Amino acid sequence: MASPVVVSRSMLSALRPRFHSSRWVASFVTSAETVHEEPRSVLVDAVKGLLDAGHSYVDVRTCDEFTAGHTPGAINIPYMFKTGTGMDKNPKFLEEVSSSFAKEDTFLLGCQSGRRSLMAAHDLHSAGFRHVINVAGGYSAWVQNGLPTEK
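Model, not experiment: these values are computed from the prediction. (Residues numbered from 1 in each chain as written. Predicted model: local features only at pLDDT ≥ 70, side-chain atom pairs only at ≥ 80, totals over all residues. Heavy atoms only, no water.)

Q: Which residues make up the sheet that holds strand β6 (residues 107-110), and what values go with them?
A: Read from one edge to the other, the open sheet built from 5 strands follows the order β1-β7-β6-β2-β3, with strand pairing classed as parallel. What marks the edges here is a single partner per strand, and that holds for β1 (40-43) and β3 (75-76). Inspection of the sheet shows β6 paired to strand β7 (residues 132-136) by 3 bridges, in the parallel sense. Bridged to Leu109 within β7 is Asn134. (Pairing = 2+ DSSP bridges. Helix = DSSP H or I, 4+ residues; strand = E, 2+ residues; numbered from the N terminus.)

Printed below as a string of structure tokens:
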């Protein structure tokens, strides 16, 4: 079994985007039940195993992005909405996540590239959700790795 790869927030910001591609092979990181000081990020190679283990995938992209294609079985809770001037944070994001998940639940957060979902993971972590896992590289990396999608 390959060594686990854990990508911290500081490491993620230091990585060049090309390292979020399929060139990296990651296995499941430590126990999903472990409480972490900050949200963890995993590469898409590890996500299929986490989904197969029963973890939920929350796609935080806009409804239009989600409808165009998403990870099979994902639920959509937008972190931001498109507005006339750009993107605004969804004021009900925490409420919507809280209506679907308990603070003790382990679940994955993904977006298009991994940046929005990392911001969402930090907001949730600050609100007491200690087991959220960010999908580094997001849906783009998912597609680049040839993983299944649905509309």
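Q: An account of helix α2 (residues 44-52) is requested, with residue identities and associated values reported.
A: Burial in α2 covers these residues: Val44, Ala46, Val47 and Leu50. On an axial view of α2, the arc spanned by its buried residues comes to 140 degrees, and they lie on one face. Directly after α2, the chain includes Gly54, whose backbone phi takes a positive value near 105 degrees. (Buried < 20%, exposed > 50% of the residue type's maximum accessible area, 1.4 Å probe, protein only. Arc of directions from axis to C-beta.)

Q: How would you summarise the nonpolar core if you had to cite specific residues and measurements?
A: Val60, Phe93, Val97, Phe107, Leu109, Leu124 and Phe129 are the most contacted members of the largest nonpolar core, which has 17 residues in total. For this core, the secondary-structure elements that each account for two or more residues are α4 (93-100), β6 and α5 (115-126). Filtering out sequence-adjacent residues up to four positions away, Val97 remains in contact with Ile77, Phe107, Leu124 and Phe129. (Core = buried A, V, L, I, M, F, W, Y, C linked by side-chain atoms within 4.5 Å. Contact = heavy atoms within 4.5 Å.)

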